[in-house]
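# Coordinate analysis (summary)
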Amino acid sequence: MKKNTWKKLMSLALGAMMMLSLLTGCGSKTEDSAPADSTPAEETPAESAAAASLLEKVKTSGKLVVGTEAQYAPYEFKDLNANFAGCDMWLAQQIADHLGVELEVVDMSFDGIIPAVKSGQVDLGIAAFTKTPERAEEIDFSDLYEKSAQLLIVKAGNADLYSTKESLAGQKVGAQKGTIQSQLIQTALPDSELFELEKYPALALEVQNGNIAGLVVDQAVGESLIATSNGGLEVSNFAFTSEEASFGKAVVAAKGSEDLLAEVNTVIDQVVNDGSYLKAYDEAVELAASMGL
C-alpha cells in the first residue's frame, strides 16, 4: 500500500511538472511570435524637420535665418544703432517679406558661412558670395544679383609702383580669408605671396603700414576703404582681365534647396529688373560713407 501510494505521488508530481513546462513553453511562444504592430511609429519633431523641405521648414518656423559677415560695407555692415545694414541685408529682408516670415541674421566669420549653410545652422548665406565652380560643388547658388570689378588697393603713392604682375612678383598681396579674392591672387598673381586676414580693415592697415604691397577687393568695398583711409590708400593702376575676374554675386543655400532658391530667384529677378537693388546699393554706399566705413 505504501509502495502504491508512493508511485501515485511520483506520477502526480511528474504530471504537474510536464503541465507546467507545457504552459511555460506556450507562453514564450505566444510572446515571441506575436505579430509586430504594422503601424509606423510616429515621427519625432527632428525627423519631421529633416524630412521637410527647406522652404517648408522656413514657413513652418515663421523665420528665415541668414548667415552673413557684417564688416563688408556697402554689402553688409551694422549702422550706428548696431542694426544690420547694407544692400545684401536689404535683399535678405525682401526675401523674408516675399516668404511672409521674419528675418533673423546671424553674424559670423565669412569662412564659416558655407559650413553653417551646409549643416542647417542657417537657411541661406548672403554675404556678397561670388559664384564659383569650386563652391558649387559644396552648395547651391541663386541667380546673380550683382557684378563687381576687382581692385588692387595700395598705399598712397604706389599706384604706378605696383601696376604690373612683374612688379607684384615676390610681394605679399592681401585678401580676406576664405574669399574669391584669395583664389584670384593665387591664379592671376602666381608669383606673388598670398597674405590673408579675417577682416578688411586689418588688411587695409597692413597696406598703409607698408607690410604688404596691396589688397584685392570688390570695387565698392575698395572705394569705401580708400574714402576712410585719410589719404593713406589708393587704387593701383594694375587691372585684372575680364577672364581673370568676371565675378557675380549670389545667395547660397544647401544642396537640395531648389524650392527655396526658386523663391529667392523670384525676388532677385524682380529687384534687379526694377532697379530697386541698385537703389539699395547706392543708399548703402552713402550710409557707409557717412559712418566712415
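Attention here is on the structure that accompanies the text. (Residues numbered from 1 in each chain as written. Predicted model: local features only at pLDDT ≥ 70, side-chain atom pairs only at ≥ 80, totals over all residues. Heavy atoms only, no water.)

The next thing to look at is the overall build of the chain. Each helix and strand counted, the chain has 12 helices and 13 strands in total. Contacts in the chain between residues at least 24 apart in sequence constitute 72% of all its contacts with a sequence separation of at least 6. With an accessible surface of roughly 15,700 Å², the chain has 54% of that area assigned to carbon and sulfur atoms. (Helix = DSSP H or I, 4+ residues; strand = E, 2+ residues; numbered from the N terminus. Contact = heavy atoms within 4.5 Å. Areas by Shrake-Rupley, 256 points an atom, 1.4 Å probe, with all protein chains shown as cover.)

Glancing now at the nonpolar core. Within the largest apolar cluster, 48 residues are counted, with the highest numbers of intra-cluster contacts made by Leu64, Tyr75, Leu91, Ile95, Leu124 and Leu215. Ignoring anything within four residues of it in the chain, the contact list for Leu124 reads Leu64, Val65, Val66, Gly67, Ile95, Val117, Val251, Val252, Ala253, Leu260 and Val264. (Core = buried A, V, L, I, M, F, W, Y, C linked by side-chain atoms within 4.5 Å. Buried < 20%, exposed > 50% of the residue type's maximum accessible area, 1.4 Å probe, protein only.)

Turning next to unusual backbone geometry. Here Ala73 and Pro74 are connected by a cis peptide whose omega angle stands at 10 degrees. Mapped onto the secondary structure, Pro74 falls in the loop between β1 (63-68) and β2 (77-78). If you check the backbone angles, Ala82 has positive phi at about 65 degrees while not being a glycine. Within the element layout of this structure, Ala82 appears in the loop between β2 and β3 (84-85). Residue class for Ala82 comes out partly exposed when judged on its relative accessible area of 49%.

Here we take up the environment of Phe129. Within the secondary structure layout, Phe129 lies in strand β5 (residues 124-130). Phe129 has contacts with Phe110, Ile113, Ile114, Arg135, Gly248, Lys249, Ala250 and Val252, leaving out every residue within four places of it along the chain.

The next point concerns the pattern of salt bridges. Scanning all chains against the criterion turns up eight salt bridges. Residue Glu69 pairs with Lys199 through a salt bridge whose shortest N-O separation is 2.7 Å. Of this pair, Glu69 sits in the loop between β1 and β2 while Lys199 sits in the loop between β10 (193-197) and α9 (200-208); the two residues are 130 residues apart in sequence, bridging distant segments of the chain. The exposure class of Glu69 is buried, given its relative accessible area of 1%. For Lys199, a relative accessible area of 26% puts it in the partly exposed group. Between Lys249 and Asp218 there is a salt bridge whose closest N-O contact spans 3.0 Å. A residue pair is termed long-range when its members are at least 10 positions apart, and Lys249 in strand β13 (residues 247-253) and Asp218 in strand β11 (residues 214-218) qualify at 31 residues. (Salt bridge = Lys/Arg side-chain N within 4 Å of Asp/Glu carboxyl O.)

Evaluation of the coordinates by the stated rule reveals one cavity of 30 Å³ or more. A volume near 70 Å³ is recorded for the largest cavity. Along the lines of polarity and charge, the residues of the lining of the largest cavity split into seven nonpolar, four polar and two charged. (1 Å grid on protein atoms, 1.4 Å probe; cavity = no way out; pocket = protein on both sides within 12 Å on 5 of 7 lines; lining within 4 Å. Points joined across faces, edges and corners; volume = space filled by probe spheres on them. Nonpolar A, V, L, I, M, F, W, Y, C, P; charged D, E, K, R; others polar.)

Reading across the sheet, the five strands line up as β10-β9-β11-β8-β12 and stay open at both edges, with mixed pairing between neighbours. Two strands close off the open sheet at either side, each with one partner strand: β10 and β12 (233-235). Pairwise comparison of adjacent strand axes, ignoring direction, gives a mean angle of 35 degrees for this sheet. As judged from the five bridges shared by strand β9 (residues 172-176) and β10, these two strands associate in the parallel manner. For Gly174, the partnering residue across the bridge sits in β10 and is Phe195. Contacts from helix α8 (residues 180-188) reach β8 (150-155), β9, β10 and β11 within the one sheet, and its direction differs from that of β9 by about 155 degrees. (Pairing = 2+ DSSP bridges. Axes fitted to C-alpha atoms, helices over the stretch in contact; angles between N-to-C directions.)

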